[in-house]
Each structure stands twice: as C-alpha cells, then as structure tokens.
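Residue-level listing of the chains:
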Amino acid sequence: MKFIRHISLAAVLIAALAYVPSLAQNRVVPKAYMFGFVASFNDSIIFFTDIQEVDSVWLMPKKKILAGRSNYSYQLRNFCADALGLKNRTVVVVSSLNRKDIEKKYAKMKKDYIVKYAGKYDVHYIDATEFRFTPVNMENSKK
C-alpha cells in the first residue's frame, strides 16, 4: 500500500514538473504567413483565402505554432457569416513562418479540391481586398 502511494506521488510530481515549462509566455515574431479554408458539411461550396502576411504574430513556446489559432478562425468565420451570409461554416487557418512552406501547403490543398475531387466541390476564392487577417494580441495569454 505504501509502495502504491509513493508511485502515485511520484507520478503526480512528474506530471506537475512536465506542466511547468508549458507555462512559458508566448512570444511574438515579426511576421507569419497564413491562409484560410472554409467549408460546410451541408453543401459542397468551399472557400480559400489568399496567402497573407500577418505582422506581429504570437507563437506558442517550443512548439512554434500559432497562438490564438481559434481567434483567426473566428475572424474568417465571422466574415463569412456577415459579408457572405454563410453561417455555421467550418474554418481552418493554416500558418507558417516560411513563405515556401505555406505555398506548398496551399498548392496541395487547392490541388486536392480542384483536381483530386474535381466536380465534387464548388471552389471559390476570397481576395485579400475583401478579407484580411488582423493580428491577435496574446501577450497576457499562457495558452
């Protein structure tokens, strides 16, 4: 019984120590590149935004992934609901610090929906003059 208690205490301490480094503050980078993809499970209409350069983007520590991803998704979702009248859309925001990486991801997704699934989806584009991602301040956030 005492042995199980010690093992349990050790597991809790290890979990707590593993969690502490993840509390490090997000950091800001001068720019990142991102695009949005909008779809619905109710119809075959999908949208792509242009690849956009966004200044002062926050990254999660160690993982180097976009902090506040849901905020960027909500920006695009709200645009679709307000400007296009398309509610309840599923939005994916893809980002990268490297322009070439994001261009490869963009080309692959477009190829999948235009060539691979030709005729199944009605593909539309949202121009950067219509919609732009705005930087999200994650200064006080630890997630």
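Scope of this entry: the structure provided in the associated data block.

Section: the side chain of S40
Working step 1: Looking at the secondary structure, you find S40 in the loop between β1 (27–39) and β2 (45–49).
Working step 2: For S40, a relative accessible area of 13% corresponds to the buried category.
Working step 3: Of the polar contacts made by the side chain of S40, one reaches the backbone nitrogen of N42; its length is 3.0 Å.

Quick look at the pattern of salt bridges
Working step 1: By the definition in use, this model includes three salt bridges.
Working step 2: The closest approach of N and O atoms between E103 and R99, which form a salt bridge, is 3.0 Å. With E103 and R99 both in helix α3 (residues 99–116) and four residues apart, the pair spans about one turn of that helix.
Working step 3: Look at R99 and you get partly exposed, because its relative accessible area is 34%.
Working step 4: Here K108 and D112 are joined by a salt bridge, their closest N and O atoms 3.3 Å apart.

Re the nonpolar core
Working step 1: Core analysis: the largest hydrophobic core is formed by 24 residues, its most contacted members being M34, V57, Y72, L76, I126 and F133.
Working step 2: At the level of elements, β1, β3 (52–59), α2 (69–83) and β4 (90–96) are the ones that each hand at least two residues to this core.
Working step 3: For I126, the residues in contact, after removing those within four places along its chain, are F47, F48, T49, D50, L76, F79, C80, L84 and F131.
Working step 4: Ranked by size, the runner-up nonpolar core spans 13 residues in total, among them I46, I51, V94 and M109.

Observations regarding the packing of aromatic side chains
Working step 1: Scanning the entire structure with this criterion turns up twelve aromatic pairs.
Working step 2: A centroid spacing of 6.2 Å and a plane angle of 70 degrees characterise the contact between Y72 and F133, whose relative ring orientation is edge-to-face. Of this pair, Y72 sits in helix α2 while F133 sits in the segment after β5 (122–126), and the two are 61 residues apart along the sequence. The burial state of Y72 is the same as that of F133; both residues are buried.
Working step 3: Ring pairing ties together the aromatic residues F35, F37, F48, Y106, Y113, Y117, Y121 and Y125, which thus form one cluster.

Thresholds, definitions, all that
- Residues numbered from 1 in each chain as written.
- Predicted model: local features only at pLDDT ≥ 70, side-chain atom pairs only at ≥ 80, totals over all residues.
- Heavy atoms only, no water.
- Helix = DSSP H or I, 4+ residues; strand = E, 2+ residues; numbered from the N terminus.
- Buried < 20%, exposed > 50% of the residue type's maximum accessible area, 1.4 Å probe, protein only.
- Polar contact = N/O pair within 3.5 Å; in protein donor to acceptor, adjacent residues only side chain to side chain.
- Salt bridge = Lys/Arg side-chain N within 4 Å of Asp/Glu carboxyl O.
- Core = buried A, V, L, I, M, F, W, Y, C linked by side-chain atoms within 4.5 Å.
- Contact = heavy atoms within 4.5 Å.
- Phe/Tyr/Trp six-rings, centres within 6.5 Å; stacked < 30°, edge-to-face > 60°.

Interpretation in functional terms is not warranted from these geometric data alone.
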